[in-house]
Amino acid sequence: MDAAVWTLALLADVAAGVLTADFVARDAAALRTERHPVSAVLTEDPVRSTAAVDGTGSADDWAGVRWTAPDGTTRTGVARVEAGGKAGSTTWVWLDDQGRLVPAPATAGQVRLQGAALDMVAAVTGAVAVLLVSRCGCAWLDRRRLARWETEWARMDRQRGGRKG
């Protein structure tokens, strides 16, 4: 029984990993098609984010930017830009289909990392679910077996005239 449960857990892990990897890849591809880079002008000098200053974030800064939307209007906003730019210089920002600022889509490395992390979560969850169902099933079968044993012992006791020992 244990070999079957472990085999089922392994198969559940593989299935969860494949499905999760496919989901992450499709999600990343969808974001890449929904977002596109456009040239923008820095309207102010970039400010280093707190996360980048304390060493836990990226080397990017935040700055006011101006860009031309797909409908031809000029828009402004605050975006993450490469470190080292100055007001008046050009940079790239990412827009959605409505011309709104959005974060850049994940790089291939970020997608792999996200996929690996979600694969691990899915694999552990799948294995725990299979093992939990297995243990609950074993407990249920044990209770049924014990009830049958009690019934059989009671029947045997009656056949022996109710004698103990």
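Scroll up to find the structure.
### As for the nonpolar core
Among the nonpolar cores identified, the biggest contains eleven residues, and these are Val38, Ala40, Leu42, Ala63, Val65, Trp67, Ala69, Ala79, Val81, Val93 and Leu95. Secondary structure elements with two or more residues in this core: strand E1 (36–42), strand E3 (61–68), strand E4 (74–81) and strand E5 (90–95). Not counting residues within four places of it along the chain, the set of residues in contact with Ala79 comprises Asp61, Trp62, Ala63, Val65, Val93 and Leu101.

### Some thoughts on the packing of aromatic side chains
In this structure the tally under the stated criterion is one aromatic pair. Look at Trp149 and Trp153: their rings are 6.3 Å apart centre to centre, the planes differ by 25°, and that puts the pair in the stacked class. Of the two residues, Trp149 and Trp153 both sit in helix H3 (residues 108–159), four residues apart, roughly one turn of that helix. For the residue pair Trp149 and Trp153, the accessibility class agrees, reading exposed in each case.

### Digging into the packing of helix H1 (residues 2–34) against H3
Axes are the key here: two packed helices are described by the angle between their axes and the distance separating the axes. Where H1 contacts H3, the axes come no closer than 7 Å and their chain directions differ by 150°. Relative to H3, H1 is oriented roughly antiparallel. Crossing of H1 over H3 shows right-handed handedness.

### So, the pattern of salt bridges
Where charged atoms of side chains with opposite charge meet at close range, the side chains can pair. Within the structure shown, the criterion is met by five salt bridges. One salt bridge in this structure joins Asp22 and Arg26, with 3.1 Å as the shortest N-O distance. Placement of both Asp22 and Arg26 in helix H1 is noted, with a separation of four residues, approximately one turn of the helix. A residue is classified by how much of its surface remains accessible, and Arg26, at 52% relative accessible area, is exposed.

### Section: the pairing of E3
In this structure, E1 lies alongside E3, joined through three bridges in antiparallel fashion. Across the sheet, the residue bridging to Val41 is Arg66, located in E3. Inspection of the sheet shows E3 paired to E4 by eight bridges, in the antiparallel sense. Residue pairing in the sheet places Thr68 in a bridge with Thr74 of E4.

Cut-offs and rules
- Residues numbered from 1 in each chain as written.
- Predicted model: local features only at pLDDT ≥ 70, side-chain atom pairs only at ≥ 80, totals over all residues.
- Heavy atoms only, no water.
- Core = buried A, V, L, I, M, F, W, Y, C linked by side-chain atoms within 4.5 Å.
- Buried < 20%, exposed > 50% of the residue type's maximum accessible area, 1.4 Å probe, protein only.
- Helix = DSSP H or I, 4+ residues; strand = E, 2+ residues; numbered from the N terminus.
- Contact = heavy atoms within 4.5 Å.
- Phe/Tyr/Trp six-rings, centres within 6.5 Å; stacked < 30°, edge-to-face > 60°.
- Axes fitted to C-alpha atoms, helices over the stretch in contact; angles between N-to-C directions.
- Parallel < 35°, antiparallel > 145°, perpendicular 65-115°, else oblique.
- Left-handed = near helix turned anticlockwise from the far one by under 90°.
- Salt bridge = Lys/Arg side-chain N within 4 Å of Asp/Glu carboxyl O.
- Pairing = 2+ DSSP bridges.

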